[in-house]
Amino acid sequence: MTNKQSQDKIDKQNPATELAQLRQIVFGDAQQDLEQKIDQLGQSLQTQLKHLEQQTSRQFSQLQSALETHVHQLEDKLLNADKDQDAKASELFTLNKNLSSELEMAEAANKQETDEIHKRIDHDLATLSNKFSEQLKQALAQLTQVSNELNASKTDRKTLAKLLSTVASNLETGDDE
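Now for a quick tour of the structure. (Residues numbered from 1 in each chain as written. Predicted model: local features only at pLDDT ≥ 70, side-chain atom pairs only at ≥ 80, totals over all residues. Heavy atoms only, no water.)

**Observations concerning the overall build of the protein**
So, point 1. Looking only at helices and strands, the protein features 2 helices and 0 strands.
So, point 2. Considering the protein as a whole, with its 177 residues, one finds that 2% of them fall into the buried category.
So, point 3. With the model as given, the accessible surface of the protein reaches about 16600 Å², and the carbon-plus-sulfur share is 56%. (Helix = DSSP H or I, 4+ residues; strand = E, 2+ residues; numbered from the N terminus. Buried < 20%, exposed > 50% of the residue type's maximum accessible area, 1.4 Å probe, protein only. Areas by Shrake-Rupley, 256 points an atom, 1.4 Å probe, with all protein chains shown as cover.)

This is the structure:
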């Protein structure tokens, strides 16, 4: 390479290096200290961020595990509650079915008993009615007989009275023949 090409190359690189050189001259070691502190802060920040990320990840895992445990417990409780509800519903259904059949049997028995009572009452009423009718007929017959006897005995009394009157008059008159 020639001198001129080298110079051109230096001139092309020169503005950046010149700026760096100027900074070195103006700020000197303070700039390097600042850059080191910035690098150290960046590294410290990255370390702390990684630590926080790990801690957050760990806490999130613990929280997720706790939530899953609680969800499983709630699912178990709900499953048990569902089973209990199903068992109770089945028991109530069975009780209802049993009570319905017992009620039907009781209604049938009551209907049968009621029908029997009605038949007995009807039979007793018919028997009493027949007895009263018969007793009424007998009473009427006796009444008629007594009435006829009384009428006959009145006639006999009149006849007896006439006879006695005739006897008395004959006795008075002395017709004893």
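Having seen the model, we can carry on.
**Observations concerning the pattern of salt bridges**
So, point 1. Using the criterion set out here, one finds 1 salt bridge in the structure.
So, point 2. With a closest N to O distance of 3.7 Å, K111 and D115 form a salt bridge. Placement of both K111 and D115 in helix α2 (residues 29-173) is noted, with a separation of 4 residues, approximately one turn of the helix. (Salt bridge = Lys/Arg side-chain N within 4 Å of Asp/Glu carboxyl O.)

**Observations concerning a nonpolar patch on the surface**
So, point 1. Among the surface-exposed residues, L160, L163, L164, V167 and L171 lie close enough to one another that they form a single nonpolar patch of about 490 Å² accessible area.
So, point 2. Among the secondary structure elements, V167 is positioned in helix α2. (Patch = residues over 30% accessible without salt bridge, like charges linked within 9 Å, V, L, I, M, F, W, Y side chains within 5 Å.)

Keep in mind that these numbers describe shape and distance, not what the molecule does.
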